[in-house]
Amino acid sequence: MTRRSLTKALSAFLLCFAVSFSTTPAHASSFEEEATSFVRTLAEQAIGELTDKSVPREQRIALFREFFTTHFAVDGIGKWILGRHWRKASDTEREEYLLLFEDLMVVSYVDRFAAYAGEPLIVVKTLTQNENNATVFAEIEQPGGAPPVHVDWRVARKGAMYKIVDVIVEGTSMSSTLRSDFGSTIRQRGGKISGLLTALREKTASLRAAAN
Amino acid sequence: MRAVFAFNNTLDKVILEPAASIYRDVVPDKGRVAVHNFLNNLRTPVIFFNAVLQGDFEHALQTLARFLVNTTAGILGFNDTAAELGMEYRDEDFGQTLAVWNMPEGPYIMLPILGPSNPRDAIGRVVDFIIDPLNIWAGNADNDWAVPTRTGADALDFRALHFDTIADLEKSSLDFYATVRTLYRQRRNDEINNGTVDPTISVPSIGERMDDGPALEEISQAN
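The model shown is predicted, which means the values in this text are computed figures rather than measured ones.

A. Structural context of the confidence of the model for chain B. Residues and elements named next belong to chain B. Summing up the model confidence of chain B, the mean pLDDT is 90 and the portion of residues at 70 or higher is 91%. Of all the helices and strands in chain B, helix α12 (residues 215–222) carries the lowest mean pLDDT, 34, while helix α6 (residues 94–100) carries the highest, 98. Predicted confidence for residues 209–223 stays below pLDDT 50, and this span has 29 contacts to residues more than four positions away or in other chains. Confidence metrics for the complex model read pTM 0.86 and ipTM 0.86.

This is the structure we're talking about:
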């Protein structure tokens, strides 16, 4: 076990512990409440750890990767985005794809978090779709009295584990948007997964180099 | 469509993006919010008509109340006092009305200068322009400046409001054209449904494995 996966496992364990601990009243807490507190905890953690611009970018990338892979269903989202193309991909292509997908998310979102001034996230309501899927509807305040931005978090659970499977900003789903983006890239590049992998390699390299 | 998109992008880079950038630098947050509120208030008649046409009389009344409150207490609409009282802004247009009337959206089109659209929304734009009292007044009173000024201000307001989002998307998407296309469709659906999320919509699942272990194991399970 590498050091990275060990810290990951540890922080995942601690998070579960924190979630179950903080939401255990006299009676068993409902899925709704747990999903809500999962998102609240995430928001607090993100504001606390990922918005400090004085931390060097390389370190922020590492912190954000940790945060993202722990709390988001990275593999599940990655597979869903690829849809039918997943079945056609070889094992090597699948492996590289999932790694590149994680890289793309990390290098595209790390600077957005740094630019984020830490306006509080207000949970409006939580609705459960079924016993393992819930949506936490939240608003993020904007500077200067502009109307708040609506951000909905799709949360899935498996046993005691909670993960974000989609983020919907003003009605636009992150997962659906990436699905269109990647699907179109595959079509533009001769219907081949290898074309997408080339595009992903180029994009992640340029994002890593260009920022700052 | 991609050629028109490239043309629009060039126009944006040469005119709108630099203008929005200066606007953001020169006018503070509060000032830009005031302009945004003023422009929203000018849309009242169009929102009102369309809420009525959609049979949403509650929203029509709220829009009317918003106009009365914001034009007076909100000082000609520069302050969104109504929102502070719990009556929030929600846009309606004839494209949304046609959708409520079950007209299909048709194919995605990229209009020169105007940007992403579809036949339903293009018809909507024309109808909204015709029924807007501000345009009727400008046409009758020979106030040639009014319509282009308002259109320019709307464009500048939109571009400045979404400045960072657009920059991020352009930077991080593989196919910016496809990204804009899906975002346009998703935004329009959200507006048509007045912000209610469809709970039956497909979402990714966690996958077989809950931890973030090696992708290879996940792959062999997926097979």
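B. Geometry of the interface of chain B and chain A. Counting residues at the interface gives 40 residues for chain B, matched by 54 residues for chain A. The tally of links between chain B and chain A comes to one salt bridge. The salt bridge involving Arg187 of chain B is made with Glu170 of chain A; its shortest N-O contact spans 3.9 Å. Across the chain B-chain A interface, the total number found is 10 residue pairs in polar contact (both at pLDDT 80 or more). Counting residues per element, the side of chain B that touches chain A draws most heavily on helix α11 (residues 176–192) of chain B, which supplies eight residues. Taken together, the residues of the side of chain B that touches chain A break down into 16 nonpolar, 10 polar and 14 charged.

C. Examining the side chain of Asp181 of chain A more closely. Among the secondary structure elements, Asp181 of chain A is positioned in helix α7 (residues 174–188). No salt bridge is formed by the buried Asp181 of chain A, whose closest oppositely charged neighbour, Lys203 of chain A, lies at an N-O distance of 7.8 Å. For Asp181 of chain A, the contacting residues outside a window of four places in its chain are Ser173, Leu174, Asp175, Ala178 and Thr179 of chain B.

D. Geometry of the packing of helix α1 (residues 2–26) of chain B against helix α10 (residues 163–172) of chain B. All names here are of chain B. Remark: α1 packs on α10, axes separated minimally by 11 Å, with the N-to-C direction vectors making an angle of 135 degrees. In terms of axis orientation, α1 runs oblique to α10. Along the contact surface, α1 presents Lys13, Glu17, Ala20, Ser21 and Arg24, while α10 presents Phe163, Asp164 and Glu170. Classifying every residue of the contact of α1 with α10 by side-chain character gives two nonpolar, one polar and five charged.

E. Expanded view of the nonpolar core. Among the nonpolar cores identified, the biggest contains 52 residues, and Phe72, Tyr97, Phe101, Trp153, Ile164 and Phe182 of chain A are the most heavily contacted of them. Among the elements that line this core, the one with the most residues is helix α6 (residues 91–115) of chain A, at nine residues. Once residues within four sequence positions are removed from consideration, Trp153 of chain A is found in contact with Val39, Phe72, Leu121, Ala134, Thr135, Val136, Ala138, Ile164, Asp166 and Val167 of chain A. Listed in part, the seven residues of the second largest apolar core include Tyr108, Met110, Tyr177 and Val180 of chain B.

F. Representation of the pattern of salt bridges. Residues and elements named next belong to chain B. Per the counting criterion, the structure on display carries 26 salt bridges over all chains. In this structure, the salt-bridge partner of Asp175 is Arg2, at a minimum N-O distance of 2.9 Å. Here the residue Asp175 occupies a position in the loop between α10 and α11, and Arg2 occupies one in helix α1, the gap between them amounting to 173 residues. Using a relative accessible area of 7% as the deciding quantity, one classes Asp175 as buried.

G. Representation of the sheet that holds strand β5 (residues 172–173) of chain A. Residue and element names in this part refer to chain A. The strand order across the open sheet formed by five strands is β1-β2-β3-β4-β5, and the pairing between neighbours is antiparallel. Every interior strand has two partners, whereas the edge strands, β1 (121–130) and β5, have only one. Sheet topology places strand β2 (residues 133–140) next to strand β3 (residues 149–158); eight bridges connect them, and they run antiparallel. Looking across to β3, one finds that Phe137 is bridged to Asp152.

H. The arrangement of a positive patch on the surface in detail. Residue and element names in this part refer to chain A. Among the surface-exposed residues, Arg84, Arg87, Lys88 and Arg187 lie close enough to one another that they form a single positively charged patch. No other element matches helix α5 (residues 84–88), which puts three residues into the positive patch. Here Lys88 shows up in helix α5. What makes Lys88 exposed here is its relative accessible area of 57%.

I. Quick look at the packing of aromatic side chains. A complete count under the given rule lists 17 aromatic pairs over all chains for this structure. Residues Tyr108 of chain B and Tyr177 of chain B carry aromatic rings whose centres are separated by 6.2 Å and whose planes lie at 75 degrees to one another, so their mutual orientation is edge-to-face. One end of the pair, Tyr108 of chain B, is in the loop between α6 and β1 (109–111); the other, Tyr177 of chain B, is in helix α11, with 69 residues separating them in the sequence. Among the residues examined, Tyr108 of chain B registers a relative accessible area of 10% and is labelled buried. Each member of the aromatic cluster is reached from another via a ring pair, and the members are Phe5, Tyr108, Phe176, Tyr177 and Tyr184 of chain B. For Lys125 of chain A, the ring lying beneath its charged end belongs to Phe137 of chain A, and the centroid distance is 4.8 Å. Across the ring face of Trp80 of chain A, the terminal group of Arg179 of chain A is positioned such that the distance to the ring centre comes to 4.3 Å.

Reading the values: rules and limits
- Residues numbered from 1 in each chain as written.
- Chains lettered and ligands numbered in written order.
- Predicted model: local features only at pLDDT ≥ 70, side-chain atom pairs only at ≥ 80, totals over all residues.
- Heavy atoms only, no water.
- pLDDT = per-residue confidence, 0-100.
- Helix = DSSP H or I, 4+ residues; strand = E, 2+ residues; numbered from the N terminus.
- Contact = heavy atoms within 4.5 Å.
- Salt bridge = Lys/Arg side-chain N within 4 Å of Asp/Glu carboxyl O.
- Polar contact = N/O pair within 3.5 Å; in protein donor to acceptor, adjacent residues only side chain to side chain.
- Nonpolar A, V, L, I, M, F, W, Y, C, P; charged D, E, K, R; others polar.
- Buried < 20%, exposed > 50% of the residue type's maximum accessible area, 1.4 Å probe, protein only.
- Lys, Arg positive; Asp, Glu negative; His and termini not counted.
- Axes fitted to C-alpha atoms, helices over the stretch in contact; angles between N-to-C directions.
- Parallel < 35°, antiparallel > 145°, perpendicular 65-115°, else oblique.
- Core = buried A, V, L, I, M, F, W, Y, C linked by side-chain atoms within 4.5 Å.
- Pairing = 2+ DSSP bridges.
- Patch = residues over 30% accessible without salt bridge, like charges linked within 9 Å, V, L, I, M, F, W, Y side chains within 5 Å.
- Areas by Shrake-Rupley, 256 points an atom, 1.4 Å probe, with all protein chains shown as cover.
- Charge placed at Lys NZ, Arg CZ, Asp CG, Glu CD.
- Phe/Tyr/Trp six-rings, centres within 6.5 Å; stacked < 30°, edge-to-face > 60°.
- Lys NZ or Arg CZ within 6 Å of the ring centre and 35° of its normal.

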